[in-house]
Amino acid sequence: MYPYRLEKNPYPSSPTPTLMDAQILGGRRHKEAKAAVLSCFSDLHSKVSGGTATDKDFRLLTVIQDVGSGKTHLALHIKGLKEVANNTVASYVDLSVVSPRNMNSLYGAMLGGFTDEYIAIIRRAVVAYVCEKAERDSTARKVFNYGFMDSISGRSLKDKAELVLHNGMVPNYSALTQVLKKEFSPIEVTILKLVVEGNFRADAQNVSTLEDIIASLAALASLNLRFLKRITVFQLDEFESDRETTEFVKAVINAHIPAAALMLIFTPSSYNEIRQANASVFDRLEKANYKVDLAGSNTYEEILDIIMEYIRHHDAGKCFTPEEEKDLAAKVKVIYDEFSDFRNVRSMLNIMYHTVENSGKRECATIDEQALDDTIKNVYPGLRIRGSVMDVPISDFIKIRRNCNDITTLEAGVRDAVRNLVNYAHEVGAVAKPQKANGSGFDVMFSDPYGTKVAVAIVINQDHAKSFEQISNTLKTTGFVDKLVILTNANTSAGTNGSAVVTMDRCKMIDLIYFSNKYKNSELVEDDSQRALMLAKSIRIC
Amino acid sequence: MTAEEILMNKILSAGSAGAKKADLRKELGEIDSALEALVSKGEVFIDKRGSAYYCFHQSHYVQSLLNTDPRFRLTYDMIKSVEETLRSSSKEVARAIETLAGNVSNLAKLVSERGVTATAHASAAPSRTVSISDFKGEFDAALANSSSSIGWVELAKIRNDVCAKCGLSNDEFYRLVGELTGQYQDKYELSTGGGEGVMVRGLVHGFVRCI
């Protein structure tokens with residue numbers, strides 16, 4: 001059993017999305033991008049729904065975003081949508097696997113990008129069309145070799161058509177050509193014959209020039225509209241600036257294939273390279289009908305929503321409670337804030353996959369800090385909390401950070417930690433025994449090895465203006481001691497010869513609290529001793 | 001020609017073998033006063049060889065001693081070798097001094113050039129006095145000016161503008177970009193690629209856009 005009562009790990013384990021993974025789409029920006037693409041398809045479909053299309057009925061879409069931000073996921077998700085499937089026929093091509101790249105291999109890849117399901121559907125539609133013709137046309141009947149024996153044995157044309165579809169008989173291709181050429185162009189006839197033959201993708205071998213390829217693509221789009229009432233979408237992923245691909249794409253754009261949409265997916269870097277390599281193609285890309293924007297795809301809100309979407313999708317019983325969602329969001333926030341390396345969808349999903357696996361193995365009801373800690377240690381062994389002197393484990397870091405969201409708790413924790421740190425420094429002989437600081441306005445007082453009387457004051461507030469005032473007041477009381485150290489969360493450089501104002505970041509405060517917890521529980525080991533003294537030095541108390 | 005000159009020529013013509021005083025007297029007659037004068041001037045040396053006195057011109061006397069006195073020859077050789085050592089050492093010292101002088105001159109030139117550059121920088125924009133908020137202002141302005149239709153801009157382009165305005169080095173610029181994009185995660189977005197940029201996840205991120 002996985003956490004949150006899930007029956008399976010909802011997160012994908014592959015580094016790039018598969019069609020199955022892409023069924024789930026989360027994130028406001030990704031959903032907005034999806035809506036923009038769907039609107040484009042819907043608009044184009046409405047224009048050609050009458051069955052006729054002109055060169056005005058061509059659309060160019062670009063999706064430009066950084067690697068790992070969900071472009072491919074979006075493309076595959078759209079391709080797999082039922083509502084899209086009703087209106088479109090989509091061919092998804094990952095250009096990174098097309099090598100060598102030339103017009104034939106690119107065309108072959110585009111034909112390969114259509115699903116087997118589509119090929120079966122169009123085959124059935126074409127056979128049904130010929131079958132219908134055969135009811136009235138004797139030449140068409142020859143396609144199915146329908147004769148007297150068939151009629152007296154009670155076998156209908158539909159039965160024969162089914163036989164063709166199930167490869168139970170070979171149709172008469174010569175008759176098929178005769179029937180089709182009355183209504184279709186030679187290129188369309190060639191494609192239709194290949195469709196009936198069940199060898200649709202072999203058309204890549206029939207073309208020899210770029211002109212042939214463009215004509216074939218146009219014929220294909222036209223046939224899809226005619227037989228399926230759908231527009232044709234070509235999705236070219238990992239579009240790059242190499243000469244063959246850009247020239248091919250330029251030709252496709254220039255052809256204005258009726259009832260078709262070309263969706264180009266690439267990175268800002270590729271876009272820039274195309275600008276430098278081929279101004280003509282760049283100009284066409286600049287004039288794209290839809291520039292799908294995934295801006296902010298790596299923001300916390302976006303990534304969090306995507307993470308939650310996977311759980312929601314797999315939460316059949318709708319048992320994922322708002323409290324659990326809030327708890328998980330807080331943990332994700334820590335990971336997002338502390339590890340800039342994970343600030344993208346792909347990396348975060350990878351973390352979540354391993355975390356869920358870990359929690360599942362330990363039979364945890366929720367994703368806990370330990371699971372995150374183990375995951376980061378195992379999957380990214382080199383990662384550490386930035387700037388942590390005490391080398392705080394990620395699990396403790398998350399716990400402490402969450403506990404310290406309240407500023408009062410944080411202040412109390414840090415005050416307690418500094419007292420403990422001075423006590424520890426005394427125990428190891430770094431400073432003299434701390435004195436009672438009751439009523440002096442300071443939090444800790446002690447003498448350093450040279451007899452200098454040192455006082456430490458902690459000033460932590462949500463409102464930094466309040467901290468500045470407090471620091472200013474504390475600085476006026478330096479007469480009691482030789483040296484005053486003010487530890488604050490406010491960013492200030494105040495201080496004089498006899499005093500020092502040390503600004504502590506969140507990491508430093510967590511370091512202190514972590515040390516304090518270990519000190520109180522007598523869990524300090526040899527390594528911690530050096531670290532603790534370094535921590536004390538970093539806040540100028542020894 | 002005076003008697004002294006005649007005597008001098010006679011002694012000189014004898015070479016390093018020297019002219020026997022008795023032979024000179026036999027040939028020239030009374031020579032004592034002239035010889036004394038030449039000895040007092042240091043032009044002639046008189047040396048006793050066996051039972052006879054020989055006169056040597058100053059230019060031949062050392063050679064005569066070298067030929068006849070082994071101790072003198074040894075001493076002379078030693079002095080010569082010391083002289084040789086001194087001469088070569090002097091040459092090396094002279095060369096070293098020359099190199100040093102060249103280096104000092106180059107160093108002085110370099111220091112003075114740096115001083116001029118530093119002064120120029122200081123007068124254009126004080127180095128590393130750009131706060132993150134000031135940098136943000138300049139960065140945003142440059143980003144807005146160079147923005148493309150898709151929003152993404154090469155960081156190198158922005159660097160040119162911002163560094164020229166603020167007098168920042170490339171390293172300092174990218175350090176500030178890293179700080180800025182980290183601080184305002186919801187405002188800026190980085191993308192991989194480009195010839196230069198900010199390093200994230202081991203990848204150069206050379207493109208930026210405002211969200």
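Here the structure is shown first, and the text comes after it.
Structural notes, computed from the coordinates. (Residues numbered from 1 in each chain as written. Chains lettered and ligands numbered in written order. Predicted model: local features only at pLDDT ≥ 70, side-chain atom pairs only at ≥ 80, totals over all residues. Heavy atoms only, no water.)

Of regular secondary structure, chain A possesses 23 helices and 9 strands. Oriented by its inertia axes, the alpha-carbon framework of chain A measures out at about 115 × 50 × 35 Å. Across the 542 residues of chain A, 54% fall into the buried class. A sequence separation of at least 24 residues applies to 71% of the contacts in chain A between residues at least 6 apart. When the 65 basic and 68 acidic side-chain charges of chain A are each reduced to a single mean position, those positions are 3 Å apart. (Helix = DSSP H or I, 4+ residues; strand = E, 2+ residues; numbered from the N terminus. Buried < 20%, exposed > 50% of the residue type's maximum accessible area, 1.4 Å probe, protein only. Contact = heavy atoms within 4.5 Å. Lys, Arg positive; Asp, Glu negative; His and termini not counted. Charge placed at Lys NZ, Arg CZ, Asp CG, Glu CD.)

Residues and elements named next belong to chain B. Taken N-terminus to C-terminus, the directions of helix H1 (residues 3-13) and helix H3 (residues 32-41) make an angle of 70 degrees; their axes are 9 Å apart at the nearest point. As far as their axial angle goes, H3 and H1 are roughly perpendicular. The element H1 and its partner H3 pack so that their crossing is right-handed. Together, Glu4, Leu7, Met8 and Ile11 of H1 and Ala34, Leu35, Ala37, Leu38 and Lys41 of H3 make up the contact between the two elements. In terms of residue class, the contact of H1 with H3 is built from 7 nonpolar, no polar and 2 charged. (Axes fitted to C-alpha atoms, helices over the stretch in contact; angles between N-to-C directions. Parallel < 35°, antiparallel > 145°, perpendicular 65-115°, else oblique. Left-handed = near helix turned anticlockwise from the far one by under 90°. Nonpolar A, V, L, I, M, F, W, Y, C, P; charged D, E, K, R; others polar.)

Our next topic: the interface of chain B and chain A. Across the boundary between the two partners, chain B contributes 19 residues, which contact 28 residues of chain A. Across the chain B/chain A interface, buried area totals approximately 1,700 Å², and carbon plus sulfur atoms make up 46% of it. Between chain B and chain A we count 1 salt bridge in total. A salt bridge links Arg209 of chain B to Asp293 of chain A; its shortest N-O distance comes to 2.9 Å. For the pair chain B and chain A, the number of links is 9 residue pairs in polar contact (both at pLDDT 80 or more). Elements that contribute at least two residues to the side of chain B that touches chain A include exactly strand E5 (188-191) and strand E8 (207-210) of chain B. No other element matches E5 of chain B, which puts 3 residues into the side of chain B that touches chain A. Of the residues that constitute the side of chain B that touches chain A, the class distribution is 6 nonpolar, 8 polar and 5 charged. (Buried area = accessible area lost by both parts, 1.4 Å probe. Salt bridge = Lys/Arg side-chain N within 4 Å of Asp/Glu carboxyl O. Polar contact = N/O pair within 3.5 Å; in protein donor to acceptor, adjacent residues only side chain to side chain.)

With that out of the way, let us pick up unusual backbone geometry. Trans is the prevailing form of peptide bonds, just as negative phi is the prevailing case for residues other than glycine. Residue and element names in this part refer to chain A. Across the junction of Ser99 and Pro100, the peptide omega takes the value -5 degrees, indicating a cis bond. The topology assignment puts Pro100 in the loop between strand E2 (88-94) and helix H4 (103-112). Of note, the phi angle at Lys318 is positive, near 50 degrees, even though the residue is not glycine. With respect to the secondary-structure elements, Lys318 resides in the loop between helix H15 (300-314) and helix H16 (322-338).

Residues and elements named next belong to chain A. Look at helix H21 (residues 464-475): 16 Å from first C-alpha to last across 12 residues, which is about the 16 Å you get at 1.5 Å a residue. Ser467, Ile471, Thr474 and Leu475 are the residues of H21 that are buried. All buried residues of H21 project into a common sector of 95 degrees when viewed along the axis, lining one side. At its buried positions, H21 is contacted by strand E7 (453-459), strand E8 (483-488) and strand E9 (499-503). (Expected span 1.5 Å × (residues − 1). Arc of directions from axis to C-beta.)

Geometry of an aromatic ring pair is reported as the spacing of the ring centres plus the angle between the planes. If you walk through the whole model with that rule in mind, you get 26 aromatic pairs over all chains. A centroid spacing of 6.1 Å and a plane angle of 75 degrees characterise the contact between Phe114 of chain A and Phe234 of chain A, whose relative ring orientation is edge-to-face. Of this pair, Phe114 of chain A sits in the loop between H4 and helix H5 (116-134) while Phe234 of chain A sits in strand E3 (residues 231-237); the two residues are 120 residues apart in sequence, bridging distant segments of the chain. Residue Phe114 of chain A is classed as buried on the basis of its relative accessible area of 1%. Overall, the relative accessible area of 2% leaves Phe234 of chain A in the buried class. A centroid spacing of 5.6 Å and a plane angle of 70 degrees characterise the contact between Tyr424 of chain A and Phe515 of chain A, whose relative ring orientation is edge-to-face. Highlighted residues: Tyr424 of chain A in helix H20 (residues 407-427) and Phe515 of chain A in helix H22 (residues 506-520), separated in sequence by 91 residues. With a relative accessible area of 10%, Tyr424 of chain A lands in the buried category. Look at Phe515 of chain A and you get buried, because its relative accessible area is 0%. Feature note: the residues Phe135, Phe139, Phe173, Tyr174 and Tyr188 of chain B constitute an aromatic cluster, connected by ring pairs. Directly above the aromatic system of Tyr300 of chain A lies the positively charged group of Lys333 of chain A, at a separation of 4.9 Å from the ring centroid. (Phe/Tyr/Trp six-rings, centres within 6.5 Å; stacked < 30°, edge-to-face > 60°. Lys NZ or Arg CZ within 6 Å of the ring centre and 35° of its normal.)

This part is about the pattern of salt bridges. All names here are of chain A. Evaluation of the coordinates by the stated rule reveals 45 salt bridges over all chains. A salt bridge links Asp116 to Arg201; the shortest N-O distance between them is 3.1 Å. Residue Asp116 is found in helix H5, and its partner Arg201 is found in the loop between helix H10 (186-197) and helix H11 (210-228); the two are separated by 85 residues along the sequence. Among the residues examined, Asp116 registers a relative accessible area of 54% and is labelled exposed. Here Asp373 ties to Lys377 by a salt bridge, and the two come within 3.4 Å at their closest N and O atoms. Of this pair, Asp373 and Lys377 are both found in helix H18 (residues 369-379), 4 residues apart, which corresponds to roughly one turn of the helix. Relative accessible area serves as the criterion here: at 45%, Lys377 is assigned to the partly exposed category. Where salt bridges share partners, they join Lys31, Asp305, Glu309, Arg312 and Glu325 into one cluster.

All names here are of chain B. Within the open sheet, the 3 strands sit side by side as E4-E8-E5. Their pairing is antiparallel. Two strands close off the open sheet at either side, each with one partner strand: strand E4 (153-154) and E5. In the sheet, E4 pairs with E8 via 2 bridges, with the strands oriented antiparallel. Considered in E8, the bridge of Glu154 is made with Phe207. (Pairing = 2+ DSSP bridges.)

Any link to function would need more than the numbers given here.
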